[in-house]
Amino acid sequence: MIRQYKLQDYNFRLIIVLMALTSMGVLLVGSADPSLQKKQFLGMVLGLIVMVIVSLIDFSWILNFSWIMYGGNILLLLLVKVMGTDANGAQRWLSIGGFQFQPTELAKIILILFFAKFFMDHEEDLNTLRTLVKAVVLIAIPLSLILSQPDLKNTITVAILFCIMVYVAGLSYKIIGSILLIAVPMAIVFLFIVVQPDQKLIKDYQRDRIMAFLNSEDDAYSDDVLQQENSVTAIGSGQLTGKGLNNNEVASANKGNFVSENQTDFIFSVAGEELGFIGCTAILLMLFLVILECIRVSLRAKDASGKLICCGVASLVGIQTFINIAVVTKILPNTGTPLPFVSYGLTSIVSLYIGMGLVLNVGLQKYRTYREVEKS
């Protein structure tokens, strides 16, 4: 289970970037809401500890429990439906022993592990109808539970994550082309239906966000439109170097509370206003380096499951980063997706650090296997 590794084989590049990125997040969260800074710092410390522990555990051993983890994941998502905590009309959190967490965030990592094992076991028959149907059914169960919370943005995130993992696992291009021929028209039909006033496919507030985005000029004073407009204004007001952390300027969108949820979903607007273009570029560069390092490790993984774990974690960070930045810059409709390692959220940050711990272990397994081969 736990092996002896050499310190020189540890991927300190990735750890340094993660610590720098999360530290910047702690500072930005403290500027957005000083009462949350200590919690975010504790989340960073806890995440680092968990990451180190996970990085020392053989990921192949962890994958032996993939079905147990999948079942536990479904159970947690069902508990959210039965005894979840309601907030702003959504039931997404569980409170156990005074500790509140969001099972969906942990579900993303569990599903990466589960399908890394599943696709490795079905590597030879991945392109058969039976295997594809089984995989779709297995992902449909947690997706339906996440969507029912309701949590459309995480449903989309997990669905895209699954598609990327199937592609990396070796799905035939013929099948991908056939799926696209069906999926694209269905997406167009879906969008046509959801813009209708009496549609039943999504919640009313979700439709309102889409309509506010499509008709922002006609609905300029709605909360969703104002939030994104103020976010763009805040980012632009920072110009090159920003107004400085914890500034008290009267015209500050952050301090003036013109951007709601600026400690979580709209933390990038705080970065734009207070750190400017340089600070935003630094955050995006560090996120890119995290993704790049995960991909680099995947290319040298000892087996297909290790490759899929690294690509899954890289995809998760990339998807959430794209959605978050697209929302705060008004490229996509308003939906609450945290910026990885930067936004406030203890469940999110600890779950992502667990994913990074798995990537570190994949890297350690690669080096150890190479030496074993040399000695033999």
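Here, every reference points to the structure presented above.
These notes cover the structure that comes with them. Just so it is clear, the structure is predicted and the values come from calculations on it, not from any experiment.

Here we come to the overall build of the protein. A tally of helices and strands in the protein yields 13 helices and 3 strands. Within the protein, the fraction of its 376 residues that count as buried is 50%. Taking as baseline every contact in the protein between residues at least 6 positions apart, the subset at least 24 positions apart corresponds to 73%.

Here we take up the nonpolar core. Formed by 93 residues in total, the largest nonpolar core has its most connected members in Phe115, Phe119 and Met356. The element contributing the most residues to this core is helix H11 (residues 267–298), with 13 residues. When near neighbours in sequence (up to four residues on either side) are disregarded, methionine 356 contacts Leu14, Leu18, Met51, Val290, Cys294, Val313, Val317 and Phe341.

The next subject is the packing of aromatic side chains. Aromatic rings considered in pairs are described by the distance between their centres and by the relative angle of their planes. One pass over the full model with this rule turns up 14 aromatic pairs. When the ring of phenylalanine 115 is compared with that of phenylalanine 118, the centres are 6.1 Å apart and the planes differ by 80 degrees; the resulting orientation is edge-to-face. Of the two residues, phenylalanine 115 and phenylalanine 118 are both situated in helix H5 (residues 103–121); the distance of 3 residues between them amounts to about one turn of the helix. The class of phenylalanine 115 is buried, set by a relative accessible area of 1%. By relative accessible area, phenylalanine 118 is classed as buried at 4%. Ring centres of tyrosine 167 and tyrosine 173 lie 6.1 Å apart, and the angle between their planes is 75 degrees; on these two criteria the pair is classed as edge-to-face. Chaining the aromatic ring pairs together yields one cluster made of Trp67, Tyr70, Phe114, Phe115, Phe118, Phe119 and Phe162.

The next thing to look at is helix H2 (residues 37–55). In this model H2 runs 27 Å from its N-terminal to its C-terminal C-alpha over 19 residues, within 8% of the 27 Å that 1.5 Å per residue would give. Considered for burial, the residues of H2 that qualify are Gln40, Gly43, Met44, Gly47, Leu48, Val50, Met51, Val54 and Ser55.

Moving on: the environment of glutamine 365. Considering the arrangement of structural elements, one finds glutamine 365 in helix H13 (residues 346–375). Among the residues examined, glutamine 365 registers a relative accessible area of 0% and is labelled buried.

Going through the model one piece at a time under the given rule, you end up with 7 salt bridges. Among the ionic pairs, lysine 153 bridges to aspartate 151, the shortest N-O distance being 3.1 Å. Residue classification places lysine 153 among the buried residues on the basis of a relative accessible area of 11%. Across the pair lysine 243 and glutamate 273 runs a salt bridge whose closest N-O atoms are separated by 3.6 Å. Here the residue lysine 243 occupies a position in the loop between helix H10 (223–237) and H11, and glutamate 273 occupies one in helix H11, the gap between them amounting to 30 residues. A residue is classified by how much of its surface remains accessible, and glutamate 273, at 1% relative accessible area, is buried. Bridged by salt links that share partners, the residues Arg13, Glu293 and Arg296 form one connected network.

Conventions used here
Residues numbered from 1 in each chain as written. Predicted model: local features only at pLDDT ≥ 70, side-chain atom pairs only at ≥ 80, totals over all residues. Heavy atoms only, no water. Helix = DSSP H or I, 4+ residues; strand = E, 2+ residues; numbered from the N terminus. Buried < 20%, exposed > 50% of the residue type's maximum accessible area, 1.4 Å probe, protein only. Contact = heavy atoms within 4.5 Å. Core = buried A, V, L, I, M, F, W, Y, C linked by side-chain atoms within 4.5 Å. Phe/Tyr/Trp six-rings, centres within 6.5 Å; stacked < 30°, edge-to-face > 60°. Expected span 1.5 Å × (residues − 1). Salt bridge = Lys/Arg side-chain N within 4 Å of Asp/Glu carboxyl O.

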